[in-house]
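Tertiary structure, described
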Amino acid sequence: MKVTAKAPINIALIKYWGKQPSADIKPYNDSISLTLDALYTITTVETHPEGLFSYRLNDRLILGNDLTRIWYFLQTYFPKFKANPSLKITAKNHVPTAAGLASSASGFAALTLALARYYKMSETPEDLAKIAKQGSGSSARSFYGGYVSWKTDGTIAKIPGDTDTLCFVIVLVDANEKYLSSREAMKRTVATAHSYHTYVKESQKKALNMEKAIADNDFSTIGRLTETHARHMHETMSSAMPPIQYLTNESRKVLDVVAKMQDQGIKAYATMDAGSNVKILTKTNHLDDIQTFLHNHGYRDLILSKISNKGAEILE
Ligand code: DP6
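Starting from 1, residues in each chain are numbered consecutively following that chain's sequence as written. In keeping with the model being predicted, local features are shown solely for residues with a pLDDT of at least 70 and side-chain atom pairs are shown and tallied solely at 80 or more, while totals for entire chains, interfaces and linings include all residues. With hydrogens and water stripped out, all remaining heavy atoms of the structure feed into the side-chain values.

**Here's the deal with helix 6 (residues 196-215)**
Residue pairs three or four apart in sequence face the same way in an α-helix, which turns once every 3.6 residues. By the criteria applied, helices consist of DSSP H or I runs no shorter than four residues and strands consist of E runs no shorter than two, each listed in order from the N terminus. Working rule for helices: expected span equals 1.5 Å times residues minus one. In a regular helix each residue adds 1.5 Å, so 20 residues correspond to 28 Å; helix 6 covers 29 Å between its end C-alpha atoms and thus fits that length. All of the buried residues along helix 6 are Tyr196, Tyr199, Val200, Ser203, Lys206, Ala207, Met210, Ala213 and Ile214. The buried residues of helix 6 all sit within an arc of 135 degrees when viewed along its axis, so they share a single face. Exposed residues pointing more than 90 degrees away from the buried face of helix 6 are listed as His197, Lys201, Lys205, Leu208, Lys212 and Ala215. Where helix 6 terminates, the next one or two residues include Asn217, which has phi positive at roughly 50 degrees. Relative accessibility thresholds used throughout: buried, under 20% of the residue-type maximum; exposed, over 50%; partly exposed, between the two (1.4 Å probe, protein chains only). Taken from the helix axis, the directions to the C-beta atoms give the arc we talk about.

**Some words on the site of the ligand**
Note on definitions. A residue lies near a molecule or strand when any single heavy atom of the residue is within 4 Å of it. Surveying the vicinity of the ligand reveals 17 residues, the closest of which are Tyr16, Lys19, Gly137, Ser138 and Arg141. Polar contact criterion, stated in full: a pair of N or O atoms within 3.5 Å, where within protein one must be able to donate a hydrogen and the other to accept it, and residues adjacent in sequence count only if both atoms are side-chain atoms. At 2.7 Å from an oxygen atom of the ligand is found a side-chain nitrogen or oxygen belonging to Lys19. In the environment of the ligand, an oxygen atom lies 3.0 Å from a nitrogen or oxygen atom belonging to the side chain of Ser182. Counting residues per element, the shell around the ligand draws most heavily on helix 5 (residues 182-192), which supplies three residues. Residue polarity follows a fixed list, in which Ala, Val, Leu, Ile, Met, Phe, Trp, Tyr, Cys and Pro are nonpolar, Asp, Glu, Lys and Arg are charged, and the others, Gly among them, are polar. Each residue belonging to the shell around the ligand can be placed in one class, and the counts come to six nonpolar, six polar and five charged. In this structure, the shell around the ligand is formed jointly by two domains, domain 1 (2-160) and domain 2 (166-306), each of which donates at least three residues. Marked domain ranges trace back to an automatic or database domain assignment.

**Things to note about the domain arrangement of the chain**
As assigned here, the chain comprises domain 1 (2-160) and domain 2 (166-306). A C-alpha centroid distance of 23 Å is found between domain 1 and domain 2. Between domain 1 and domain 2, the contact holds 36 residues from the first and 45 residues from the second. Note on definitions: buried area is the accessible-area loss of two parts on being combined, 1.4 Å probe, summed for both. Each partner contributes to the roughly 3300 Å² buried at the junction of domain 1 and domain 2, and carbon and sulfur atoms together form 66% of this total. By the criterion of area lost to domain 2, the three top residues of domain 1 are Leu13, Lys15 and Trp17, representing 26% of everything that side buries. Here Lys151 ties to Glu211 by a salt bridge, and the two come within 2.8 Å at their closest N and O atoms. The interface formed by domain 1 and domain 2 holds twelve residue pairs in polar contact (both at pLDDT 80 or more) in total. Only strand 1 (2-14), strand 2 (31-46) and helix 4 (125-135) provide two or more residues apiece to the side of domain 1 that touches domain 2. In terms of residue class, the side of domain 1 that touches domain 2 is built from 20 nonpolar, ten polar and six charged. For this analysis, residues touch if any pair of their heavy atoms sits within 4.5 Å. Note on definitions: salt bridges are taken to be side-chain nitrogens of Lys or Arg within 4 Å of carboxyl oxygens of Asp or Glu.

In C-alpha cells, the structure reads:
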C-alpha cells in the first residue's frame, strides 16, 4: 500500500512561543495563523520492499539525529509502526527547509495524515493535530485552511474570515538551516527571559484583539497587531540567557524597507519566525508596489503566496 499526502505551511500572526508543562503540548498563549497555498510538503509512505525503515527528504537519505526524531515520533504515536516498523517515507519540501519557513509544520502535518490513512486511523483534523503537534506544535494549524487558532486549552479551529485578497511576500534573507531549533529556543526563552510572563499576557491580549479584527475584516489592525507581536517575540527571546537572535542585520534592513513602504501608505506588515527571513503580510492590490519597492532596494529573492482555504489533504 502507498499513500501520498500534501500539507501547506502556515505563518502565525500571533505566535506560539512556549509550551505549558503538560505532556499533550499546550501553548502558553493562543496563536492565530494563516495557511499558505504556494509552500507545502508532499509525503509518500509505503511498505519498505526490504522490510526496513527509511526516510528520504528532498532526495537525501536522512540519518543521525533527524532520523532518530522521526523514529521516536512514529514509535510513540503509531502503535502499528511499533509492531512492524517496515516503512519507506519519501518527503519533499516545496519550501526552503528549516529556514524559519515552517517546513517542520508542513512536514509533520503531511506525515501524520499519510500515516493515519496508511494505518487506517482516525483522520479528523482534531485527532491528526493531537499527534502532529508532538512532532512540531505549529503543525497542528496546518490541518485547516484560512485563519486558524490554537488555544491554550489545546483546541484548534478555523476562524471564519475573509482571506481572498490577502497574501504574503517572503523576503529570503537566508535559505540555510536555522542555528537553533525552535524547540530549544522556546524552552530557553520560557526558562530564562525575565519578561516572558509579560510577553505572554500581552500576546493573549493581542490574540483577542486579532480575533475581533478578523471578524471586523479590519486589515490595518490585523497588520499592526501582526507586526508589533512579532517584534515583541523577538525582543523577548533576545533577553534570554544566552540571548537568541534569529534576526540578522539583513533582516533588520528589510524591516527598514517595510517601514518606508508604510510611510508611503502601502499596507505591508512584517513578521518573522525562528529564522532571519521576513514575511510581509499584505493585500493583492499592494503586491506590485511592494515588489517594485523591494526590487529597487536590491531584494530579488522573493516568494509570493496567497492564502489556502484547505489544510492537509490526501493526494492518492
Ligand atoms: C516561531 O512548531 O517549530 O514559528 O513545537 O517546539 O517543534 P516545536 O516548535 P515549532 O515552533 C513554531 C514557532 C514559530 C511560531 C508559530 O508558528 O506559531
